[in-house]
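Commentary on secondary and tertiary structure
This is what each chain is made of:
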Amino acid sequence: MKVRKEKLCEWLENVLCITEHYMDPIMRAGCGLAESVGELIAERVADQKTIIDLQEQIITEKDKQLSKVQETVKTGLKTYASTVEQKCSEAFSGRVQETVKSEMKSY
């Protein structure tokens, strides 16, 4: 079967029209999709930066709180130690005095 040149050109023109009719919207949608994906990526990067900044703020605040707790514990231990030392010295000095008095009476 031999196809004439005119008929072949007509078929080719029909194929081109069909392709343009259906492919053009798809290609345009694809271009818009690429722009949307780019915007989403930019938003994601910005969100991740915000998350990192917030995490750094949390870490800074936790460090401040930890320092305050450490200082409170140190102060509390010093107070406790001095109280124990004072009470023990009072208790021991009282015992020593009683012991000395009882020893002196026995002589």
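Let me begin by describing the structure that accompanies this report. (Residues numbered from 1 in each chain as written. Predicted model: local features only at pLDDT ≥ 70, side-chain atom pairs only at ≥ 80, totals over all residues. Heavy atoms only, no water.)

**Concerning the pattern of salt bridges**
Evaluation of the coordinates by the stated rule reveals four salt bridges. Glu10 serves as the salt-bridge partner of Lys7, at 3.9 Å between the closest nitrogen and oxygen. With Lys7 and Glu10 both in helix α1 (residues 5-106) and three residues apart, this pair spans about one turn of that helix. Residue classification places Glu10 among the partly exposed positions, given a relative accessible area of 39%. Across the pair Lys64 and Glu61 runs a salt bridge whose closest N-O atoms are separated by 3.6 Å. Of this pair, Lys64 and Glu61 both sit in helix α1, three residues apart, roughly one helical turn. (Salt bridge = Lys/Arg side-chain N within 4 Å of Asp/Glu carboxyl O. Helix = DSSP H or I, 4+ residues; strand = E, 2+ residues; numbered from the N terminus. Buried < 20%, exposed > 50% of the residue type's maximum accessible area, 1.4 Å probe, protein only.)

**Considerations on a nonpolar patch on the surface**
On the surface, Met1, Val3, Leu8 and Trp11 cluster together into a nonpolar patch covering about 490 Å² of accessible area. Tracing the backbone through its elements, the reader meets Leu8 in helix α1. (Patch = residues over 30% accessible without salt bridge, like charges linked within 9 Å, V, L, I, M, F, W, Y side chains within 5 Å. Areas by Shrake-Rupley, 256 points an atom, 1.4 Å probe, with all protein chains shown as cover.)

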